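This is what each chain is made of:
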Amino acid sequence: MQQHEKDTYHAAPYDALAQDYDQGLEKLLGVFGGNNEKYAEYKVELLRRLLPGKICSILDFGCGTGRSLSFFRKHFSLSLSLSLSLSGCDISRESLKIASQRDPEAQIFLCTSVEELKTHEKQYDLVFLSCVLHHMEPGIRDEWMGALAEKLVPGGHLAVFEHNLKNPCTRRIVHDPENSEDNPEFMMTPAEVSALLSRAGIRREWSGYTLFSPFRRPWVTSLERYLAWCPLGAQFCVMGTRE
């Protein structure tokens, strides 16, 4: 398949980082204490609280090494007679090998271009992007988001989590010399993400700042919803619905 520069972002840096990605993240976040898995789980917990209805199919777009997959199974599990359909895709083959080991039941597939995404016929109740957009050059985001909107069933949800540079801890991590992944120039604001979703035909239904505390007790995620207006959370979430 021919890949066009305008809609493709490149896997080589992520393939090189795949084997040591989790350890590198642990090192970056180690100053805040504890296992960094809690920073993956809190996003899924928040979505479960925001989406109390039945979600039968989920796509983790840009799933990397699959850190969120087990948490979707934990928090979005269905009845014994109906299993959750969980998929993950990424541009990095090496990362996907690790994701497949983490969740052998998930449908894991390579996706390096908009054309590849469009050939994937399945549609989803929820599409999830965890700190993916700031790895894309701004000029290709609209086409990718348009393709992702087409992967939603009518009334399906799309959730975007991104870093919030207004938070001093986030700025410290993003500008850390050992952090080779995050480009501060590509970081987005909630308003920019909302506008991106709107142009793709996704109506915003919730937006807020989150991750105010490194201490992730079960009640913390619920409490943080009442602080969603405060622009000091380490990250933010914008969630919308396909019209």
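Residues numbered from 1 in each chain as written. Predicted model: local features only at pLDDT ≥ 70, side-chain atom pairs only at ≥ 80, totals over all residues. Heavy atoms only, no water.

A. Structural context of a nonpolar patch on the surface. A cluster of nonpolar residues, Trp219, Leu223 and Tyr226, forms a patch on the protein surface that exposes about 420 Å² of accessible area. By secondary structure assignment, the location of Tyr226 is in the loop between α10 (218–224) and β7 (235–242). (Patch = residues over 30% accessible without salt bridge, like charges linked within 9 Å, V, L, I, M, F, W, Y side chains within 5 Å. Areas by Shrake-Rupley, 256 points an atom, 1.4 Å probe, with all protein chains shown as cover. Salt bridge = Lys/Arg side-chain N within 4 Å of Asp/Glu carboxyl O. Helix = DSSP H or I, 4+ residues; strand = E, 2+ residues; numbered from the N terminus.)

B. Summary view of helix α9 (residues 190–199). Residues Pro190, Val193, Ser194, Leu196 and Leu197 constitute the buried set of α9. Angular distribution of buried residues about the axis of α9 spans 160°; they occupy a single face of the element. Set apart from the buried face of α9 by more than 90 degrees, the exposed residues are Ala191, Ser198 and Arg199. The secondary structure elements touched by the buried residues of α9 are α7 (138–150), β5 (152–163), β6 (202–210) and β7. One or two steps after α9, the chain reaches Gly201, where phi turns positive at roughly 85°. (Buried < 20%, exposed > 50% of the residue type's maximum accessible area, 1.4 Å probe, protein only. Arc of directions from axis to C-beta. Contact = heavy atoms within 4.5 Å.)

C. Layout of the pattern of salt bridges. Taken as a whole and assessed by the stated rule, the structure comprises seven salt bridges. Across the pair Glu94 and Lys97 runs a salt bridge whose closest N-O atoms are separated by 3.1 Å. Separated by three residues within a single helix, Glu94 and Lys97 lie in helix α5 (residues 93–102), roughly one turn from each other. Lys97 gets classed as partly exposed once you look at its relative accessible area, which sits at 49%. Between Asp142 and Arg199 there is a salt bridge; the shortest N-O distance is 2.7 Å.

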